[in-house]
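The residues making up each chain are set out below.
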Amino acid sequence: MARYAMKFGGTSVGSPEAIAQVVEIIRRFIAEGHELAVIVSAMSGVTDMLLDCAAAAANGDRESFLAISDVLRAKHTGVIDALIAGEDDRSVIGGEVDELVGSCLELCEAITILGEVTPRISDALASFGERLSSRVIAAVLRAQATSVTQLDSDAYIITDNQYGDADPIWPETEARIVGGLGAALGAGVTPIITGFFGATPDGAITTLGRGGSDFAAAIFAAYLDCDELIIWTDVDGVMTTDPRLDERARVLPYVSYQEIGELAFYGAKVLHPKTVQPIINRGIPLRVRNTFNPDHSGTSVGARTQPSATVIKAITGIRDVSMLTVSGRGMLGVPGIAGRTFLASAGAGANILMISQSSSEQSFCFTVIDPMARAVKQAVEAELQREIQHRHVDSVDLLSDIVIITVVGSGMRGTPGVAGRVFSLLGEHRINVLAIAQGSSECSISFIVAESDLERAVRELHNLALETVENDRITAVGSPY
Ligand code: ADP
Ligand code: ASP
Ligand code: MG
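Now for a look at the structure at hand. (Residues numbered from 1 in each chain as written. Chains lettered and ligands numbered in written order. Predicted model: local features only at pLDDT ≥ 70, side-chain atom pairs only at ≥ 80, totals over all residues. Heavy atoms only, no water.)

### Topic: the site of ligand 2
Turning to step 1, where the next piece is worked out: Around ligand 2 lies a shell formed by Ser41, Ala42, Thr47, Glu130, Phe196, Arg210, Gly211, Gly212 and Ser213.
Turning to step 2, where the next piece is worked out: Within the side chain of Glu130, one N or O atom sits 2.7 Å away from a nitrogen atom of ligand 2.
Turning to step 3, where the next piece is worked out: Split by residue class, the shell around ligand 2 holds two nonpolar, five polar and two charged. (Near = heavy atom within 4 Å. Polar contact = N/O pair within 3.5 Å; in protein donor to acceptor, adjacent residues only side chain to side chain. Nonpolar A, V, L, I, M, F, W, Y, C, P; charged D, E, K, R; others polar.)

Shown next as structure tokens:
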């Protein structure tokens, strides 16, 4: 018998058929004698719909948010009608859905009165997707005589007040989960818990960032001391690249915590970038599996770094980023310019994705997401006003229509020539590299190319990762993965 935390993503709970599959997986694990904590996302598309409602409400467009709320209600009642037979059971959960959709509408009315969507009210509204899906899924399981209890995560995940991207306050979160949930699991009741959101200590709802249900699940896995965290999604596992960028993408049987951290940070949507944070020190293994192909063993993620013959395991790409370059001959030897630039960027609310400096110290560049770029440029120019006046700094230039591409593989640590191989390959295909950075972990190399080169660059570099998978498959015969 083992204890699992398992999370089902948006597509996995996105239709009656998908939810039937989820229910089968849960019932199978319980029948095998395991203890489970189940964390669920909103049905696919629902979080976006809620955010669209908020935007419509801010514009005073009542007709639009009413129309979207009708779609929301129909999506959930469709599941109830398809999967719950008993009239009484249906009307109980149908009533709950009506009530929740009613609360969404009240929030929309409040937004209309305010005339704007504050981050706080946006998070409150966005949390309704998970509130709805978890209740419907719990009702379906209950109708099949499975002993479950539906729980809202704001009672357990306590966070700071960084709305839209909140971080847990760890000791408080640990106390709530250990004290409030540990016993229920032991008593053979399966909690069906909302992912995605928590609350501040004074009870305001906060979300953990888009895709944050993975992170929520990892938090529960850590404090429930689970034997494994399973992320059930719509692909067979973590792949050598985004299958939408290159259809030849193959499933990686094993990646390390560090590798998955880099992959997620640099754009592999398959996991929220903070997912490994709560489990890494506890050594809780993570497995990414496919809800729609449950016989596939998926990708396992753990502490061990696996040596690979050809080193590069996966390629990611991030679109919609801009690069800022601070340059000037007079910068040489003037201390603090980089530090002040990054502080000014942080002050503008930007998260820096990649930094690179030329060895002559005459320029350095860094990358932020597009929507932040103009504000960051203004903030940096204001901060460096004196240096610009005195011509120590010539300019702060902004370049858009670029992408960050990252090659990941922990085997590149101590393997000379990997960067050389990557850049000669790009050179051979006449792909111009605008800036390069290697993570200090030596587990990834990131670089910037024009957006128009994205697919070509990924496909060419992907050949290196496909080689690795093939070599590992050959050397791994008889090994545990
Ligand atoms: P969920 O709703 O289950 O959380 P997501 O849509 O957030 O699922 O993440 C799964 C998707 O991530 C896949 O369908 C795939 O298109 C995309 N993806 C991007 N990069 C990768 C990768 N390297 N490996 C696997 N999937 C990836
Ligand atoms: N429903 C949330 C989102 O769409 C969280 C998640 O699915 O992980 O971002
Ligand atoms: Mg996701």
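### Some details on the packing of aromatic side chains
Turning to step 1, where the next piece is worked out: For the structure on display, the rule yields 10 aromatic pairs.
Turning to step 2, where the next piece is worked out: Relative to Trp232, the ring of Phe29 has its centre 6.3 Å away and its plane inclined at 85 degrees; by these criteria the two rings are edge-to-face. Here Trp232 lies in strand E7 (residues 228–233) and Phe29 lies in helix H1 (residues 16–31), a separation of 203 residues in the sequence.
Turning to step 3, where the next piece is worked out: Plain terms: the ring middles of Trp170 and Phe215 are 6.2 Å apart, the flat faces sit at 70 degrees to each other, and that makes the pair edge-to-face. Here Phe215 lies in helix H8 (residues 213–223) and Trp170 lies in helix H7 (residues 170–186), a separation of 45 residues in the sequence.
Turning to step 4, where the next piece is worked out: The ring of Phe128 is capped by Arg131, whose NZ or CZ atom sits 5.2 Å from the centre of that ring.
Turning to step 5, where the next piece is worked out: For the cation-ring pair, Arg304 lies above Tyr254, with the distance from its terminal atom to the ring centre recorded as 4.1 Å. (Phe/Tyr/Trp six-rings, centres within 6.5 Å; stacked < 30°, edge-to-face > 60°. Helix = DSSP H or I, 4+ residues; strand = E, 2+ residues; numbered from the N terminus. Lys NZ or Arg CZ within 6 Å of the ring centre and 35° of its normal.)

### What about the site of ligand 1?
Turning to step 1, where the next piece is worked out: Near ligand 1, the surroundings consist of 17 residues, among which Gly10, Thr233, Asp234, Met239 and Lys269 are the closest.
Turning to step 2, where the next piece is worked out: Between Gly10 and ligand 1, the recorded distance is 2.9 Å, taken from a backbone N or O atom to an oxygen atom.
Turning to step 3, where the next piece is worked out: The side chain of Asp234 places a nitrogen or oxygen atom 2.8 Å from an oxygen atom of ligand 1.
Turning to step 4, where the next piece is worked out: Protein contacts shield 90% of the accessible area of ligand 1, which totals 570 Å² for the unbound molecule.
Turning to step 5, where the next piece is worked out: Its residues placed into classes, the shell around ligand 1 shows six nonpolar, six polar and five charged. (Areas by Shrake-Rupley, 256 points an atom, 1.4 Å probe, with all protein chains shown as cover.)

By themselves these figures say nothing about function.
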